[in-house]
Each structure stands twice: as C-alpha cells, then as structure tokens.
Amino acid sequence: QVQLVESGGGLVQTGGSLRLSCAASGLTFSNYAMGWFRQTPGKEREFVAAVSWNSGITTYADSVRGRFTISRDNAKSTVYLQMNSLKPEDTAVYSCAGRSGIGSPSILARMYPIWGQGTQVTVSS
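How each quantity is defined
- Residues numbered from 1 in each chain as written.
- Predicted model: local features only at pLDDT ≥ 70, side-chain atom pairs only at ≥ 80, totals over all residues.
- Heavy atoms only, no water.
- Disulfide = S-S within 2.5 Å.
- Helix = DSSP H or I, 4+ residues; strand = E, 2+ residues; numbered from the N terminus.
- Buried < 20%, exposed > 50% of the residue type's maximum accessible area, 1.4 Å probe, protein only.

Quick word on the state of the cysteines
Scanning all chains against the criterion turns up 1 disulfide. The disulfide bridge from Cys22 ends at Cys96, spanning 2.0 Å between sulfur atoms. The disulfide joining Cys22 to Cys96 has a torsion of about 55° about its S-S bond and is therefore right-handed. On the criterion of sequence distance, the pair formed by Cys22 in strand S3 (residues 18-25) and Cys96 in strand S9 (residues 92-100) is long-range, its members being 74 residues apart. You can call Cys22 buried: its relative accessible area is 0%. Accessibility expressed as a relative area gives 0% for Cys96, which makes it buried.

It is worth stressing that arrangement in space is one thing and function is another; only the former is reported here.
Following this line, the structure appears as structure tokens:
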C-alpha cells in the first residue's frame, strides 16, 4: 500500500540543525510533488516547504526561508528537509505529504491526499 514514513526528528538546542527524511513506498515517487507541513497542539497545520516532481520548483514558508532546504532523491523515493538555525518556534510535529502531478507544488494541505504519520521536532531555548 501507499506509505510515507518520516524519520530524523528529535530534540535540539536553539541554533542547531536537523535533517528530516520521508521515505515513500507503494507509489511512483517521481510522479509526485512532495511537501512538508508542521502542526502544534491547538493550531492549524502549517505549510513549511514543497518541491515539484523533478526538483525544478521549490517553495518555502516565509518563516523558514533561508533556514530550511527541501530536496528529493527520486532514485531513493525520499524527500528531505534540512533544518538549520532552529528556533523554539519551530517546535512541532512535522509531516510529509504527496500529491501526484507536475507543475508548481501546492502550499495547501488539503491538496495533498497522502500523508505520513509525522515526526516530533523539539527545539529547546
């Protein structure tokens, strides 16, 4: 079955770095745009970053632009989120999501039908 599995979350101090991975299975990964979203208790899911099927287009939330980098390896069916200069406000559950198709990747969570279970990122002050 179609599955997205995140890994790489954890506890890090302010200013530190983490690299999240999202491994896909059960789908033709290269046909999918991929996104990263995050959520904290009591808040709406928030867009973080997205990448088109061929890595030709990347887009970022203003809050992470310049600090986070999204990338993908279609040969490994994996999308990554490199997070640098982490801040306490980056603390959240991070989830990857997939949507088939070409063109600009959406920043809207409702446009992604496939989701991983999420991985916790905690940034201590």
